[in-house]
Amino acid sequence: MIAHGFLVIDKDPDMTSHDVVAMGRRALGTRKVGHAGTLDPMATGVLVLGFGNGTRLLQYVTNGDKSYQATVVLGAATITDDHEGEIISTAEVSGITDEAIEAELAKMRGTIAQRPSSVSAVKVDGERAHARVRAGEVFELPAREVIISNLEILEIRRIADRIEVDIDVTCSAGTFIRAIARDCGAALGVGGHLNKLRRTRVAGFGLD
């Protein structure tokens, strides 16, 4: 008899969300397994699996707010807005003050228009944006409204030719943390990308 419910996974890096679903199917002995919100392979943390009749409720979990801890790198922009992509520009960061970083991130709190990363899973003419980028296309996705209810700076570190900023974020579904890094770097004129990402909560499901 198949059980029904949710399973909260602390995802390892270098695994896709589909990899985790496949492991869940084998472990639970059922094909009826889905997840509530994709995590990039580089990311770790909370991935909620629904199994059996629990899959019917995943949409309500997916639409809930989410919390993340992340590290933003200032001083270089990449094609993917994270450390896995090719660096497309670099800039000197010695003139960037902590106050300037705090001011730019503060502008992102609340309801904002955010442009998704071009390597996201958003569909463009029926095809995932990241697939089109990897095929050599260059384009920008239109901005959409998201809500960032909390964006807190945990630490700012100056290392060689870059600045690393650890942040804690709580946001609505559809928010891209990579876009926060990209837009902060762009506003400061030095470029930015995401170096680490850990999801700590999805709706009512947390790491605890």
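Everything numeric in this text was worked out from a predicted model, so none of it was measured.

Undergrad: Is there a simple way to explain the environment of L151 in this structure?
TA: Among the secondary structure elements, L151 is positioned in strand β10 (residues 144–159). Residue class for L151 comes out buried when judged on its relative accessible area of 1%. C-alpha of L151 to C-alpha of K107: the two residues are 44 residues apart in sequence and 9.8 Å apart in space. Setting aside anything within four residues of it in sequence, one finds L151 in contact with L105, M108, R109, I167, D168, V169 and I180.

Undergrad: Explanation requested: a nonpolar patch on the surface in the structure shown.
TA: Together, F6, L57 and Y60 make up an exposed nonpolar region whose accessible area comes to about 310 Å². Within the secondary structure, Y60 sits in helix α2 (residues 58–62).

Undergrad: Looking at this structure, I do not really get unusual backbone geometry. What am I missing?
TA: Phi is mostly negative for residues that are not glycine, and the peptide bonds are mostly trans. The backbone phi angle of A160 is positive, close to 55 degrees, even though this residue is not glycine. Within the secondary structure, A160 sits in the loop between β10 and β11 (162–171). We classify A160 as exposed; its relative accessible area is 78%. Phi at A203 takes a positive value of approximately 50 degrees, unusual for a residue other than glycine. Along the chain, A203 falls in the loop between β12 (192–202) and β13 (205–206).

Undergrad: For this particular structure, what's the right way to read the environment of D19?
TA: Topologically, D19 is positioned in helix α1 (residues 17–28). Sequence separation between D19 and P41 is 22 residues, and the spatial gap between their C-alpha atoms is 9.6 Å.

Undergrad: Any chance you could explain the packing of helix α3 (residues 98–106) against helix α5 (residues 177–188) here in plain terms?
TA: A pair of packed helices is captured by two measures, namely the crossing angle of their axes and the spacing between those axes. Interaxial distance between α3 and α5 falls to 10 Å at its minimum, and their mutual angle equals 125 degrees. Between α3 and α5, the crossing angle belongs to the class labelled oblique. Read as a crossing pair, α3 and α5 show a hand that is right-handed. Of the residues in α5, those in contact with A100, I101, E104 and L105 of α3 are I180, C184, A187 and L188. The class makeup of the residues in the contact of α3 with α5 is seven nonpolar, no polar and one charged.

Undergrad: Would you mind going over the pairing of strand β4 (residues 66–74) with me for this structure?
TA: Sheet faces and side chains relate simply in a regular strand, where the side chains alternate between the two faces. Taken across its nine residues, β4 has eight buried, putting it largely inside the fold. In the sheet, β4 pairs with β11 via nine bridges, with the strands oriented antiparallel. In the sheet register, S67 faces β11, and the bridge partner there is T170. Both β4 and β12 contribute to a ladder of nine bridges, which runs antiparallel. For Y68, the partnering residue across the bridge sits in β12 and is R199.

Undergrad: Can you help me understand the pattern of salt bridges in this one?
TA: Opposite charge on two side chains allows them to pair when their charged atoms are near. Inspection of every chain in the model, using the stated rule, returns twelve salt bridges. The salt bridge involving D81 is made with R182; its shortest N-O contact spans 3.6 Å. Residue D81 is located in the loop between β5 (76–78) and β6 (87–90), and its partner R182 is located in helix α5; the two are separated by 101 residues in the primary sequence. By the burial criterion, D81 is buried, and R182 matches it. For E164, the salt bridge identified is with R162, shortest N-O distance 3.1 Å. Under the relative-accessibility criterion, E164 is labelled buried at 8%.

Cut-offs applied
- Per chain, residue numbering runs from 1 following the sequence as it is written.
- Where totals are concerned, whole chains, interfaces and linings use all residues; where local detail is concerned, this predicted model gives features only for residues with pLDDT of at least 70, and gives and counts side-chain atom pairs only at 80 or more.
- Only hydrogens and water are set aside; all other atoms, that is, all heavy atoms of the structure, feed into the side-chain values.
- For the purposes of this entry, the term helix denotes a DSSP run of H or I that reaches at least four residues, the term strand denotes a run of E that reaches at least two, and both are numbered from the N terminus.
- For the exposure calls, accessible area comes from a 1.4 Å probe over protein chains only, and a residue counts as buried if that area is under 20% of its type's maximum, exposed if over 50%, partly exposed in between.
- Throughout, a contact is declared for two residues whenever any of their heavy atoms are within 4.5 Å.
- Exposure above 30% relative accessible area and the lack of any salt bridge qualify a residue for a patch; like charges then connect within 9 Å, and the nonpolar side chains Val, Leu, Ile, Met, Phe, Trp and Tyr within 5 Å.
- Under the convention used here, a 1.4 Å probe and the Shrake-Rupley method define accessible areas, while residue burial counts only the protein chains that appear.
- We define a salt bridge as a contact between a side-chain nitrogen of Lys or Arg and a carboxyl oxygen of Asp or Glu at a distance within 4 Å.
- Orientation is described by axes fitted as lines to C-alpha atoms, over the contacting stretch for helices, and by angles from 0 to 180 degrees between their N-to-C directions.
- Comment on the angle field: the value is read as roughly parallel under 35 degrees, roughly antiparallel over 145, roughly perpendicular from 65 to 115, and oblique elsewhere.
- In this scheme the crossing of two helices becomes right-handed for a clockwise turn of the near helix relative to the far one and left-handed for an anticlockwise turn of less than a right angle.
- Lys, Arg, Asp and Glu make up the charged group, whereas Ala, Val, Leu, Ile, Met, Phe, Trp, Tyr, Cys and Pro make up the nonpolar group; the residues left over, Gly among them, are polar.
- In this analysis, strands are considered paired if DSSP registers two or more bridges between them.

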